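Reading the structure
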Amino acid sequence: MGRTSRTSPDGAPSDWNGQRRREAVMTASCERHGGLLGSPPILIVLEDTIMRTTSVALAAVAVALLPGLSGAAELTVYTALEADLLPVYAKSFNAQHPDIKINWVRDSTGVITAKLLAEKDNPVADVVLGTAATSLLLLKSEGMLETYTPAGLDKLDPRFVDDDKPPYWVGSDAWSSALCVNKVEMQKRGLEMPTSWADLTKPEYKGLIVMPNPASSGTGFLDVSAWLQMMGDEKGWAYMDALDKNIATYVHSGSKPCTMAASGEYPIGISFEYRAAKLEADGAPIAAVIPSEGIGWEMEASAIIAGTPNEEAAKALIDWAVSDDAMKIYAENFAILANPAFEKPIAGLPTDIRDKLIKNDFEWAANERAEILDKWQARFGAKSEPKG
């Protein structure tokens, strides 16, 4: 597969997919990350690009670490990982590989997946790190991934590894559905805390719930996929019709409903367990509620893009992603890991959260994704917030 040049003569990242871009570059003071990590300043690049044939604006954040490193190999890494985790992961990786510079391009799962597909014939990314397994299954079906057996693969739960040998992708941890419920706002309104998916359809919650748009957010898609798998097609769509009556808006981020609940903007956010536990630990007046019927879940998975000219550096990053060092970091934020030996309880989450996970058919979800999203958009898309 042919590859376009990744840099201009002055070393700046090349245009995405041949489109003109606008860049706003600023050097952050590292008050958010550098003070904690002792890392050098972070270069943040905001890019707007047009994807496919639609006028979809993409706001992506590229964090270039270790600036000025002479002779360093460079990796362009597309990711849907939470932005506040990227410097932590990069510091750990660069402790082992100081000669490899990572240029992050970060956005929500749906946007990253669409961008990769749009760039299929002229790929820009070297690696996809921490993106939904269902998205990587789709990329695999398009012939866009390279096989690789990372060091330590035998330590992983087989559910976190692609079925092919050698595998096209590997998982690192799992994130799952959770409700972020503002306890103060619920008390003000005299409302009971919801404990189930069914509770969210009660008329007293009308206009009080926000959730992610599944076309933009991997968290949103895992919810929709889970409801259809748990309830069946007819009852699943009927449930979403009933839920929609109580939805105030659909947003384009999996974590945003939780932050909106934490601020009191809306009392209930359908989000995921990491963000709920993190905000509660930071002092927000929210509780993480795990619905009693069971919860959808997804893997944060990683893969090498076929044809990368930086194959050895890409392999080093995949090796790190499933290493013991990486698992120790994941365990600080995620209750479910690819290597269960490193799992530990997370404050604010039930210790039996593994038992709440549905039996998730990732192949089915990947194969049905386009049809599900088309149907969802036709029914509920009018309530989505504007993009950008």
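To start, this report covers the structure provided alongside it.

Definitions and limits used
- Residues numbered from 1 in each chain as written.
- Predicted model: local features only at pLDDT ≥ 70, side-chain atom pairs only at ≥ 80, totals over all residues.
- Heavy atoms only, no water.
- Buried < 20%, exposed > 50% of the residue type's maximum accessible area, 1.4 Å probe, protein only.
- Helix = DSSP H or I, 4+ residues; strand = E, 2+ residues; numbered from the N terminus.
- Pairing = 2+ DSSP bridges.
- Right-handed = clockwise from strand over helix to strand, strands pointing away.
- Salt bridge = Lys/Arg side-chain N within 4 Å of Asp/Glu carboxyl O.
- Phe/Tyr/Trp six-rings, centres within 6.5 Å; stacked < 30°, edge-to-face > 60°.
- Core = buried A, V, L, I, M, F, W, Y, C linked by side-chain atoms within 4.5 Å.
- Contact = heavy atoms within 4.5 Å.
- Axes fitted to C-alpha atoms, helices over the stretch in contact; angles between N-to-C directions.
- Left-handed = near helix turned anticlockwise from the far one by under 90°.
- Nonpolar A, V, L, I, M, F, W, Y, C, P; charged D, E, K, R; others polar.
- Parallel < 35°, antiparallel > 145°, perpendicular 65-115°, else oblique.

Right, let's get into the pairing of strand S5 (residues 100–106). Burial runs high along S5: six of the seven residues are buried. Summarising the sheet, strand S4 (residues 73–79) and S5 pair through seven bridges and their orientation is parallel. The residue bridging Leu-75 from the neighbouring strand is Ile-102, located in S5. Once you follow S4 into helix H2 (residues 86–96) and on to S5, the crossover reads as right-handed.

Okay, the pattern of salt bridges next. Tallied over the entire structure, the rule returns 19 salt bridges. With its nearest N and O atoms 2.6 Å apart, the salt bridge here joins Lys-140 to Asp-164. Note that Lys-140 is positioned in helix H4 (residues 133–141) and Asp-164 in the loop between strand S7 (145–146) and strand S8 (170–182), a separation of 24 residues in sequence. For Asp-164, a relative accessible area of 34% gives the class partly exposed. With a shortest N-O distance of 2.7 Å, Asp-241 and Arg-379 are connected by a salt bridge. Pair noted here: Asp-241 is in helix H7 (residues 233–244) and Arg-379 is in helix H13 (residues 362–380), with a separation of 138 residues, a long-range link. One salt-bridge network, in which partners are shared between bridges, spans Glu-82, Asp-84, Arg-106 and Arg-275.

The full count for this structure, using the stated rule, is twelve aromatic pairs. Where Tyr-274 meets Phe-334, the ring centres are 5.2 Å apart and the plane angle is 25°; that geometry is what we call stacked. Placement of the pair is Tyr-274 in helix H9 (residues 273–281) and Phe-334 in the loop between helix H11 (324–330) and strand S14 (336–337), with a sequence separation of 60 residues. Accessibility classification places Tyr-274 together with Phe-334 in one group, the buried group.

As a rule of thumb, nonpolar side chains are buried together in soluble globular proteins. One finds Leu-116, Leu-200, Met-240, Leu-243, Leu-317 and Trp-320 to be the most contacted residues of the largest nonpolar core, which totals 112 residues. The contacts of Met-240, once residues within four sequence positions are left out, are Val-224, Trp-227, Leu-228, Trp-376 and Phe-380.

Our next topic: the packing of H7 against H13. At a minimum axis separation of 11 Å, H7 and H13 run at an interaxial angle of 35°. For H7 against H13, the interelement crossing comes out right-handed. Residues Asp-233, Trp-237, Met-240, Asp-241 and Asp-244 of H7 touch H13, and the partners they reach there are Ile-372, Lys-375, Trp-376, Arg-379 and Phe-380. Across the contact of H7 with H13, the residue classes tally to five nonpolar, no polar and five charged.

Tracing the backbone shows Gly-294 in the loop between strand S12 (286–289) and strand S13 (297–305). Remark: the alpha-carbon pair of Gly-294 and Lys-359, spanning 65 residues in sequence, is separated by 9.5 Å. Sequence-distant contacts of Gly-294, that is, excluding residues within four places in its chain, are made with Trp-197, Met-230, Lys-356 and Ile-358.

What follows covers the packing of helix H6 (residues 218–231) against H7. Two elements in contact, H6 and H7, have axes separated by 6 Å at closest approach and are oriented at 130°. Classified by the angle between their axes, H6 and H7 sit oblique to one another. By crossing handedness, the relation of H6 to H7 is classed as right-handed. In contact with Val-224, Trp-227, Leu-228 and Met-231 of H6, H7 contributes Asp-233, Lys-235, Gly-236, Trp-237, Tyr-239, Met-240 and Leu-243. Grouping the amino acids of the contact of H6 with H7 by side-chain chemistry returns eight nonpolar, one polar and two charged.

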